[in-house]
Amino acid sequence: MKCCVVTLGCQMNQSDSERIRSVIEGMGYEMTSVEEEATLIGVVACSVRQKAIDKVYSKIQKWNQWKNKKPLVTFVSGCILPADEKKFLKLFDLVFRMNELPELPDMLHQCGVATEFSAMHPLNDLHREDERTDFWQVDPTYSSEFEAFVPIQNGCDKFCSYCAVPYTRGREVSRASDDILAEVKKLVERDVKAITLLGQNVNSYGLDKKGEEISFAELLRKVGELGQRSGKDFWLYFTSPHPRDMTRDVIEAIADYDCLAKQIHLPVQSGDEKLLRRMNRNHSIEDYLKIVDDIRELLPTATIFTDIIVGFSGETDEQLENSAALMERVKFNMAYIAKYSPRVGARSARWEDDISPQVKSERLARLSDVLKRTSLAHNEAMVGKVYRVLIDGRDRRVDGALTGRTEGKLPVRVLDGSEDRVGTICDVEITSVAELSLTGRIRQVR
Ligand code: SAH
Ligand code: SF4
Ligand code: F3S
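Residues numbered from 1 in each chain as written. Chains lettered and ligands numbered in written order. Predicted model: local features only at pLDDT ≥ 70, side-chain atom pairs only at ≥ 80, totals over all residues. Heavy atoms only, no water.

Peer 1: Provide a residue-level description of the UniProt feature "domain: Radical SAM core" (unreviewed entry) in the protein, including the pertinent values.
Peer 2: The positions that UniProt labels "domain: Radical SAM core" (unreviewed entry) are, in the present scheme, residues 142-377. Secondary structure across residues 142-377 comprises 41% helix and 15% strand; the distance between its end C-alpha atoms is 36 Å. (UniProt positions renumbered as here; feature names shortened; annotations may be inferred. Helix = DSSP H or I, 4+ residues; strand = E, 2+ residues; numbered from the N terminus.)

This is the structure we're talking about:
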């Protein structure tokens, strides 16, 4: 019995998949990445842009055709908007939410015996069920031996006007800090080198628990202490924080512990004051720049990444230039630039999507140019210096080379070094750089 799980979307979905995988393997299935081999096949969907959801439709159409030739049970989970959920019920054998994961074996069992009948969706009281978080108790089957994701919260209360997430993952719920720390401790003991705390607004962690939970800064400090006590060498990341909740104590905590990685992913979405308001981000450009100044002051070696949307409803050329100017000012090391895509249910879907696909592409290229320039200038200053690099695989394009990432998550091509270095942190001397990447050689131990 083989099962294939196709994961779309962000690390949150990858983390969900690791838990889904544990449950399915517990039922006796073997995992495969080859769709054709599977008798149980599912997709963990992302709704953040229409393109991602279109992929789910094309997959299920293909799989439903296969059903004419062989027995196949299909399922979908992950981030699904209510409008799509209704359609998926007709296309998939099973639609389930992550908080129903503990019941997955029962649900699949029923599907297995009655796949020719209509799709099941055993959930009645969705609102109450949204609060359930016992799926976090399922031990994940980590997909890497040296990198791991640890969810610390689910859902989102921010309701940015463009965004689907609050409608797919429900309200913000924090996971118990004891459970988070226990999972991190286990990973550290297993010598995992990069651990990422996950949530839609990691720095509002604990606020939903009204004084019963510690704050995000306190959580970071506890991980820092744990790291110090362990004597192990690892980097702890988190994604994503929201600028609105990015207090100075979070940055101070990162400065105080070696294991808290000096890399900050701080989505800004736009460099224009008015657009930020229309996006309902609830902070000003000045607030954002103040955080950047704090990071530069307290974490001088930190890299800064961001997310930016171009072509949001009503975005003028001038507003786009404000985003470019903000990028010039901050000098991001990486920016995930997305073309705006209206999402049903999100507030901005009622506003005109008035920027043509061509203009969106031009604006994306404009901001990419700024990114490449600022990133190159940063990387050029790294040449000739030695950095610690987590080696994460073999380079597919250059024979004998390895790939890796610095603590600041800058990708490095390492020209020498054997494959047994994969999963270890090595000293690498940077020999040359390109716009968004570095090249280097392993500095031999003296
Ligand atoms: N919680 C994170 C983001 C989660 S969604 C935050 O607050 O930043 C990941 C990214 O997808 C967002 O940062 C945004 O840049 C992009 N995105 C979200 N909705 C989008 C939409 N409707 N169109 C285009 N990009 C979108
Ligand atoms: Fe979406 Fe905004 Fe929540 Fe991020 S903070 S998940 S962009 S609604
Ligand atoms: Fe997509 Fe869900 Fe992540 S909508 S971006 S997979 S939180």
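Peer 1: Just give me the short version of the nonpolar core, but keep the residues and values in it.
Peer 2: The tendency in soluble globular proteins is for nonpolar side chains to be buried as a group. Core analysis: the biggest nonpolar cluster contains 58 residues, and Leu 197, Phe 216 and Leu 220 have the highest contact counts within it. Lining this core are residues from two domains, each supplying at least three of them: domain 2 (144-261) and domain 3 (296-380). Residue contacts for Leu 197: discarding those within four places in its chain leaves Val 150, Ile 152, Ile 180, Val 184, Val 202, Phe 216, Leu 219, Leu 220, Leu 236, Tyr 237, Phe 238 and Thr 239. (Core = buried A, V, L, I, M, F, W, Y, C linked by side-chain atoms within 4.5 Å. Buried < 20%, exposed > 50% of the residue type's maximum accessible area, 1.4 Å probe, protein only. Domains from an automatic or database assignment. Contact = heavy atoms within 4.5 Å.)

Peer 1: Outline the side chain of Ser 177, listing residues and values.
Peer 2: Note on placement: Ser 177 falls in helix H7 (residues 177-189). In this structure Ser 177 comes out as buried when scored by relative accessible area, which is 7%. Within the local environment of Ser 177, its side chain forms a polar contact with the side chain of Glu 213, the two groups lying 2.8 Å apart. Not counting residues within four places of it along the chain, the set of residues in contact with Ser 177 comprises Tyr 205, Glu 213, Ile 214 and Leu 219. (Polar contact = N/O pair within 3.5 Å; in protein donor to acceptor, adjacent residues only side chain to side chain.)

Peer 1: Could you give an account of the domain arrangement of the protein, naming the residues involved and the relevant values?
Peer 2: What the domain assignment reports for the protein is domain 1 (2-125), domain 2 (144-261), domain 3 (296-380) and domain 4 (386-445). Relative to domain 4, the C-alpha centre of domain 2 lies at a distance of 27 Å. If you look at the interface, domain 2 gives 10 residues, while domain 4 gives 12 residues. Together domain 2 and domain 4 conceal approximately 930 Å² of surface at their shared face, both sides included; 67% is due to carbon and sulfur atoms. Applying the counting criterion to the domain 2 and domain 4 interface returns 1 salt bridge. The partner of Arg 388 in a salt bridge is Asp 233, and the shortest N-O contact between them spans 2.3 Å. Here domain 2 and domain 4 share 2 residue pairs in polar contact (both at pLDDT 80 or more) between them. Here the residues of the side of domain 2 that touches domain 4 are counted per class, giving 6 nonpolar, no polar and 4 charged. (Buried area = accessible area lost by both parts, 1.4 Å probe. Salt bridge = Lys/Arg side-chain N within 4 Å of Asp/Glu carboxyl O. Nonpolar A, V, L, I, M, F, W, Y, C, P; charged D, E, K, R; others polar.)

Peer 1: Give me the lowdown on the pairing of strand E18 (residues 438-442), citing residues and values where you can.
Peer 2: Within E18, 4 of the 5 residues are buried, which leaves it mostly tucked inside the rest of the structure. Pairing between strand E16 (residues 411-414) and E18: 3 bridges, direction parallel. Paired with Val 412 across the bridge in E18 is Leu 438. Two elements, strand E17 (residues 425-433) and E18, share 5 bridges in a ladder whose sense is antiparallel. Residue pairing across strands places Glu 429 opposite Arg 441, the latter belonging to E18. Hairpin geometry of E17 and E18 is characterised by an intervening segment of 4 residues between the two adjacent antiparallel strands. (Pairing = 2+ DSSP bridges.)

Peer 1: Tell me about the site of ligand 1, residues and numbers included.
Peer 2: Looking at ligand 1, there are 14 residues lining it, with Tyr 162, Gln 200, Gln 269, Asp 307 and Ser 341 nearest. Contact distances for ligand 1 include 2.8 Å between a nitrogen atom and a side-chain N or O atom of Gln 200. Starting from 530 Å² of accessible surface for ligand 1 in isolation, the protein chains cover 89%. Put simply, the parts of the chain that give the shell around ligand 1 at least two residues each are strand E12 (303-310) and strand E13 (334-339). Each residue belonging to the shell around ligand 1 can be placed in one class, and the counts come to 6 nonpolar, 3 polar and 5 charged. (Near = heavy atom within 4 Å. Areas by Shrake-Rupley, 256 points an atom, 1.4 Å probe, with all protein chains shown as cover.)

Peer 1: Can you explain the side chain of Thr 141? Please cite residues and give values.
Peer 2: Relative to the helices and strands, Thr 141 is located in the loop between helix H5 (126-130) and strand E6 (147-151). A polar side-chain atom of Thr 141 sits 2.6 Å from a polar atom in the side chain of Ser 22.

Peer 1: Give me the sheet that holds strand E3 (residues 40-45): which residues, what numbers.
Peer 2: Strand order across the open sheet formed by 5 strands is E2-E1-E3-E4-E5, with parallel pairing between neighbours. Each edge of the open sheet carries a strand with a single partner, namely strand E2 (30-31) and strand E5 (94-95). Against the sheet, helix H2 (residues 50-66) contacts strand E1 (2-7), E3 and strand E4 (73-78), and its axis sits at roughly 170° relative to E3. (Axes fitted to C-alpha atoms, helices over the stretch in contact; angles between N-to-C directions.)

Peer 1: For the pattern of salt bridges, give the residues involved together with the corresponding values.
Peer 2: Enumeration according to the criterion identifies 31 salt bridges in this entry. The partner of Lys 186 in a salt bridge is Asp 139, and the shortest N-O contact between them spans 3.6 Å. In this pair, Lys 186 sits in helix H7 while Asp 139 sits in the loop between H5 and E6, placing the two residues 47 residues apart along the sequence. Lys 232 is the salt-bridge partner of Asp 191, the closest N and O atoms lying 3.7 Å from each other. One end of the pair, Asp 191, is in the loop between H7 and strand E9 (194-198); the other, Lys 232, is in the loop between helix H8 (216-230) and strand E10 (235-239), and 41 residues separate them in sequence. Note on Asp 191: relative accessible area 36%, which makes it partly exposed. What you see here is one network of salt bridges that share partners, running through Arg 248, Glu 252, Lys 290, Asp 294 and Glu 297.

Peer 1: An account of the site of ligand 3 is needed here, citing residue identities and associated values.
Peer 2: With respect to spatial proximity, the complete set of residues near ligand 3 consists of Gly 9, Cys 10, Asn 13, Cys 46, Ser 47, Val 48, Cys 79, Arg 169 and Gln 200. By residue class, the composition of the shell around ligand 3 is 4 nonpolar, 4 polar and 1 charged.

Peer 1: Please give an account of the layout of surface pockets that cites residues and values.
Peer 2: The space that makes up the second largest pocket amounts to roughly 500 Å³. Surrounding the second largest pocket, 27 residues form its lining, Lys 262, Thr 301, Tyr 387, Glu 407 and Gly 408 being those nearest its centre. Contributing elements (two or more residues each) for the lining of the second largest pocket: H8 and strand E14 (386-394). The class makeup of the residues in the lining of the second largest pocket is 11 nonpolar, 8 polar and 8 charged. (1 Å grid on protein atoms, 1.4 Å probe; cavity = no way out; pocket = protein on both sides within 12 Å on 5 of 7 lines; lining within 4 Å. Points joined across faces, edges and corners; volume = space filled by probe spheres on them.)

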